[in-house]
Amino acid sequence: DLARQAKIFSLNMLTLDVETFKDQDGSMAIYCISLYDGSKSFSYYLSDFKSIDELIKALFNKLFTREYTQRTVYIHNSSNFDLIFLMKYLVNMENSLVEPILRDNNYINLKIKYGPNMTYYLNFKDSYLILPHSLDSLTKTFNVKTPKGIFPYLFVNSQNLNYIGEVPEYKYFNTSKITLKEYETYCNKFN
């Protein structure tokens, strides 16, 4: 019965993640947004679109549909990161109504109504407020089979979004969270 409940829960939720890089001005800019609906994942890369506006439009065309109405979209640490980048697009979306519930400057719930007569809606929630741990820690706690990997976040820029080549140097990874040995193990996967 627990497996059935878990399946029902997963059918009613989506997860979303925003990836960014620092642009020439030192500002953070979106280069990828990924969505998982419980069975399929969708990733929207800036390099596949003419602009961030087109990327967001493609994401919204997938997300704000009848298929996904009444679901909850969980975004880890969205109040302090992801929603900051998405909010201007959400509040300016045509034929929609944004209803936030805030506490201590955190989004407890961000309900977005859309569609004919605003009959459809999605709830956006910050999963970090429910499970206040890093995704890496959570994957270990819950024995996730495909844990969060390491990534050279400091390497990404507007010039190398489609980078193909050797693993970037250790300095481009979060060296406060991964050891040199973990980096070397990661590099060996690509020999």
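Every chain's residues receive numbers from 1 upward, in the order its sequence appears when written. Given that the model is predicted, a residue must reach a pLDDT of at least 70 before its local features are reported, and side-chain atom pairs must reach 80 or more before they are shown or counted; all residues, however, enter totals for whole chains, interfaces and linings. Where side-chain values are given, they derive from all heavy atoms of the structure, hydrogens and water being excluded.

Caption draft 1: A look at helix α2 (residues 52–63). A run of H or I in DSSP becomes a helix once it reaches four residues, and a run of E becomes a strand once it reaches two; helices and strands are each numbered from the N terminus. Expected helix span is given by 1.5 Å per residue-to-residue step, counting one fewer step than there are residues. With twelve residues, α2 extends 16 Å from end C-alpha to end C-alpha; this agrees with the ideal 16 Å at 1.5 Å per step. Among all positions of α2, only Leu55, Ile56, Leu59, Phe60 and Leu63 are buried. End-on view of α2: buried residues confined to an arc of 130 degrees, all on one side of the axis. Projecting away from the buried face of α2 at angles above 90 degrees are the exposed residues Lys57 and Asn61. Using a 1.4 Å probe on the protein chains alone, a residue whose accessible area is under 20% of its type maximum counts as buried, one over 50% counts as exposed, and one in between counts as partly exposed. To obtain the arc, one takes the directions from the helix axis to the C-beta atoms.

Caption draft 2: Seen up close, the nonpolar core. Nonpolar cores were defined as sets of buried Ala, Val, Leu, Ile, Met, Phe, Trp, Tyr and Cys residues, with membership established by side-chain atoms within 4.5 Å. Counting residues in each nonpolar core, the largest one holds 37 residues, and the members touching the most others are Leu16, Ile33, Leu63, Phe64, Leu122 and Phe124. In what follows, a contact means two residues having at least one pair of non-hydrogen atoms within 4.5 Å. With sequence-adjacent residues up to four places away left out, Phe64 is seen in contact with Leu90, Met93, Ile112, Tyr114, Leu122 and Phe124. With five residues, the next largest nonpolar core counts Phe173, Ile178, Tyr183 and Tyr186 among its residues.

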